[in-house]
Amino acid sequence: KDLAAALMKRGVRLDPLANWSKVGLKIYESTVPIGATPEYLAGHYMLQSAASMCPVMALGPQPGDRVMDMSAAPGGKTSYIAQLMRNKGVVIANDLKPERQKATVANLHRLGVRNAVTCCYDGRK
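What you see is a predicted model; the values in this text were computed from it and never measured. (Residues numbered from 1 in each chain as written. Predicted model: local features only at pLDDT ≥ 70, side-chain atom pairs only at ≥ 80, totals over all residues. Heavy atoms only, no water.)

Chemist: Could you give me a rundown of the layout of surface pockets, with the residues and numbers involved?
Modeler: By volume, the largest pocket is sized at about 880 Å³. Lining the largest pocket are 31 residues; nearest its centre among them are L3, V23, H44, Y45 and M46. When contributions to the lining of the largest pocket are tallied by element, the ones reaching two or more residues are α1 (2–9), β2 (25–30), α3 (50–59) and α4 (76–84). Per-element tally for the lining of the largest pocket: the top contributor is α4, with five residues. Taken together, the residues of the lining of the largest pocket sort by class into 17 nonpolar, eleven polar and three charged. (1 Å grid on protein atoms, 1.4 Å probe; cavity = no way out; pocket = protein on both sides within 12 Å on 5 of 7 lines; lining within 4 Å. Points joined across faces, edges and corners; volume = space filled by probe spheres on them. Helix = DSSP H or I, 4+ residues; strand = E, 2+ residues; numbered from the N terminus. Nonpolar A, V, L, I, M, F, W, Y, C, P; charged D, E, K, R; others polar.)

Chemist: Before we move on, could you go through the pairing of strand β5 (residues 116–119) and cite the residues and values that matter?
Modeler: For a regular strand, side chains alternate in direction, first toward one face of the sheet and then toward the other. Of the strand pairs in this sheet, strand β4 (residues 90–94) and β5 are connected by four bridges, and their pairing is parallel. Across the sheet, residue N94 finds its bridge partner in β5, namely C119. The handedness of the β4 to β5 crossover, carried by helix α5 (residues 98–111), is right-handed. (Pairing = 2+ DSSP bridges. Right-handed = clockwise from strand over helix to strand, strands pointing away.)

Chemist: So what about the pattern of salt bridges? Which residues, and what values?
Modeler: Under the defined criterion, the tally for this structure stands at four salt bridges. For E39, the salt bridge goes to R10, with nearest N and O atoms at 2.9 Å. Highlighted residues: E39 in helix α2 (residues 38–41) and R10 in the loop between α1 and β1 (12–16), separated in sequence by 29 residues. For E39, a relative accessible area of 11% corresponds to the buried category. Note that D95 is salt-bridged to R100, the shortest N-O span being 3.7 Å. The exposure class of D95 is buried, given its relative accessible area of 5%. Relative accessible area serves as the criterion here: at 39%, R100 is assigned to the partly exposed category. (Salt bridge = Lys/Arg side-chain N within 4 Å of Asp/Glu carboxyl O. Buried < 20%, exposed > 50% of the residue type's maximum accessible area, 1.4 Å probe, protein only.)

Right, here's the structure in full:
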């Protein structure tokens, strides 16, 4: 609620995502770049599609779990997993393409994720 209020003060038109999500917000339009607000840069939110939240919700990770995200870039699912795990346990954030993992690493740092390890392997092997 605090994040939504702060974004609305900046000229962002938004609503709660859906009944099935307690944390998602749906952005309709914004007078400011939504990926450059002070709240975004401070790690208060991640931009991602609603569909990216569903696998994490279905998995239901708990603090202390060990989870591997085989297609991690740019880090939306991985950071949501870490959030639900309260930065306890281990999240292995794998992606095939090293250049895509740069965004994952940057997002995990920005969001304050401390329980993730990134790597670049072909998940099919």
